[in-house]
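Listed below, chain by chain, are the residues.
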Amino acid sequence: MIWKIAGGGLGTVLLGGLVVGIHTHTHPAVHSLPTSAGPATRPEAAVEKQDGNSLDASPVTMNPNDATLPPVLVSSGPLTFSPLVKRVIPAVVNIAITEGNNSEKKRIPPQIKGTPLEKRYREKLQKHQEKILGAGSGFIIDPSGIIVTNSHVIGGADNVTVSMIGGREMPAHLVGSDALTDIAVIKVDSPTPLPYVTWGESRLVEVGDWILVAGNPFGFSSSVTAGIVSARGRDLGAGSLDDFLQLDAPINPGNSGGPAFNMRGQVVAVNAAIVSPTGGSVGIGFGIPSETVAPIVEALRLHGHVDHGWLGVTLDDGDGTIHVEESDPGGPATRAGLQRGDRVLGVNGQMTDNARIVLRTVAAAKPGDILTFTVRRHTKTFPVPVHVGKRPANATD
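Remember, predicted model here, so these are calculated numbers, not experimental data. (Residues numbered from 1 in each chain as written. Predicted model: local features only at pLDDT ≥ 70, side-chain atom pairs only at ≥ 80, totals over all residues. Heavy atoms only, no water.)

Draft legend 1. Just the overall build of the protein, in detail. Each helix and strand in the protein was counted, giving six helices and 25 strands. Here the protein holds 397 residues, and the buried ones make up 46% of them. Taking as baseline every contact in the protein between residues at least 6 positions apart, the subset at least 24 positions apart corresponds to 62%. Total accessible area computed for the protein in this model is approximately 19,600 Å², and 53% of it derives from carbon and sulfur atoms. (Helix = DSSP H or I, 4+ residues; strand = E, 2+ residues; numbered from the N terminus. Buried < 20%, exposed > 50% of the residue type's maximum accessible area, 1.4 Å probe, protein only. Contact = heavy atoms within 4.5 Å. Areas by Shrake-Rupley, 256 points an atom, 1.4 Å probe, with all protein chains shown as cover.)

Draft legend 2. Representation of the pairing of strand 9 (residues 159-163). Across four bridges, strand 9 lies against strand 10 (residues 169-178) in antiparallel orientation. Residue pairing for strand 10: T161 is matched across the bridge by P171. (Pairing = 2+ DSSP bridges.)

Draft legend 3. Summary view of the packing of aromatic side chains. Taken as a whole and assessed by the stated rule, the structure comprises three aromatic pairs. Here the aromatic rings of F81 and W210 are separated by 5.4 Å at their centres, their planes lie at 70°, and the arrangement is edge-to-face. With a gap of 129 residues between them, F81 in the loop between strand 5 (54-59) and helix 1 (82-88) and W210 in strand 12 (residues 210-215) connect regions that are remote in the sequence. Given the relative accessible area of 34%, W210 is considered partly exposed. Ring centres of F139 and W199 lie 5.7 Å apart, and the angle between their planes is 85°; this geometry places the pair in the edge-to-face category. (Phe/Tyr/Trp six-rings, centres within 6.5 Å; stacked < 30°, edge-to-face > 60°.)

Draft legend 4. How the structure looks around the confidence of the model for the protein. Averaged over every residue, the pLDDT of the protein is 78; the share at 70 or more is 72%. Per-element averaging of pLDDT across the protein places strand 2 (residues 13-15) at the bottom with 30 and strand 8 (residues 146-149) at the top with 97. Note that residues 5-62 has pLDDT below 50 and, in this model, 142 contacts with residues that lie over four places away or in other chains. (pLDDT = per-residue confidence, 0-100.)

Draft legend 5. View of helix 6 (residues 355-364). Counting buried residues along helix 6, seven of its 10 residues qualify, which places the element largely inside the surrounding structure. For helix 6, every residue scored as buried is listed here: A355, R356, V358, L359, R360, V362 and A363. Against strand 18 (309-310), strand 19 (313-316), strand 20 (322-327), strand 21 (343-347) and strand 23 (370-377) lie the buried residues of helix 6. Of the residues flanking the start of helix 6, the one acting as N-cap is N354, its side-chain oxygen 2.8 Å from the backbone nitrogen of R356. (Polar contact = N/O pair within 3.5 Å; in protein donor to acceptor, adjacent residues only side chain to side chain.)

Draft legend 6. Representation of the nonpolar core within the structure. Residues I95, I154, V162, I183, I186, L212 and F261 are the most contacted members of the largest nonpolar core, which totals 50 residues. By size, the runner-up hydrophobic cluster in this structure holds 20 residues, among which are V347, A365, L371 and V384. (Core = buried A, V, L, I, M, F, W, Y, C linked by side-chain atoms within 4.5 Å.)

Draft legend 7. Structural context of unusual backbone geometry. Of note, the phi angle at D182 is positive, near 65°, even though the residue is not glycine. Along the chain, the position of D182 falls in the loop between strand 10 and strand 11 (183-188). Residue classification places D182 among the buried positions, given a relative accessible area of 7%. With a phi close to 55°, F218 is a non-glycine residue in the positive phi region. Position of F218 among the secondary structure elements: in the loop between strand 12 and strand 13 (223-234). Classification of F218 as partly exposed rests on a relative accessible area of 38%.

Draft legend 8. Looking closely at helix 4 (residues 290-303). Across its 14 residues, helix 4 extends 19 Å between first and last C-alpha, which sits within 8% of the 20 Å expected from 1.5 Å per residue. Within helix 4 the residues assigned to the buried category are S290, T292, V293, I296, V297, A299 and L300. Once helix 4 ends, the next one or two residues include G304, with phi positive near 80°. (Expected span 1.5 Å × (residues − 1).)

Draft legend 9. Inspection of the environment of S190 at higher detail. By the secondary structure assignment, S190 is in the loop between strand 11 and strand 12. Spatially, the C-alpha atoms of S190 and G145 are 6.8 Å apart, while their sequence positions differ by 45 residues. Apart from residues lying up to four places away in sequence, S190 is in contact with R168 and M170. At 2.9 Å, the side chain of S190 forms a polar contact with the side chain of R168. At 2.7 Å, the side chain of S190 forms a polar contact with the backbone oxygen of T192.

Okay, structure coming up:
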């Protein structure tokens, strides 16, 4: 069972006493994708080592070409994650979702209207007029108050309240959300600059790398857990852009929307889901990689929405090859000349036998882009340029 780990409109499960969203699937087909990660280079940094009661420092080899990267805050075999936590945790926030219940205001018993009791009754209703729907996590990426979280955390909430590590609370408003990638951007208004974190390069993350997860599991604010990246390229069947990092750091309800950091204190994933028979962590969690999230966030900041690519085609790779099973009449694929039974060998010169990779390429494209499909029909192989269309709101893949 795969659980969305914070509030939404996909069902219900209890989150620390609050009703939140749950998203279930049968056992997903998982595809491992090749990584383009190279060795992560490190500028010079001090690595803390404990020797009795004293601390000394040993240098980390510096690559002069990497002067722009932040220093490594935790090296291999860490004795403590404390330097990393102190750096990033002020930018991690708790998100509370409430729904106004304005109908309550109208329920004034007629016998007390116009009496001194009416005022007291209204005050009592005012204190209980909001229904708490759920809670999740998020993180600040700009000192002006831009916050990233999951779309299923925000849902259709009337009111969003953000709480910081010191207990400071601020109302937030929605900038934009994207259901396909499960990413939302909200904003708070602060008279002073807020602490923030930056994006890391998830393509450099390798299986076995240390990871630090931060959030508010079960409402326990500013909690951190550590683990490693267990796998890359996990497909949970949630959407066309599925390409999750699998993490073994404990992730629980309430962590959804929170960040996963590399050892430089950069965000390389956004916590999104767990696999669990009980609803709690069993060491199988999933994060949306920053290479997917960052451009979505930028588009939401600029436009408030994201237009994804669409072909109107159903692909099947059950026999080890990709072939067109169905093409929507009048859709971009049909207009380009793709036919049922065509075998797809690759897209834009990249050969593949994985239909999910093709769908991911299409969904990541912008409407109007041209993708060139390499197609085999009967005994002939030829290119088919396709003008990518705009994904309809009711599209399922």
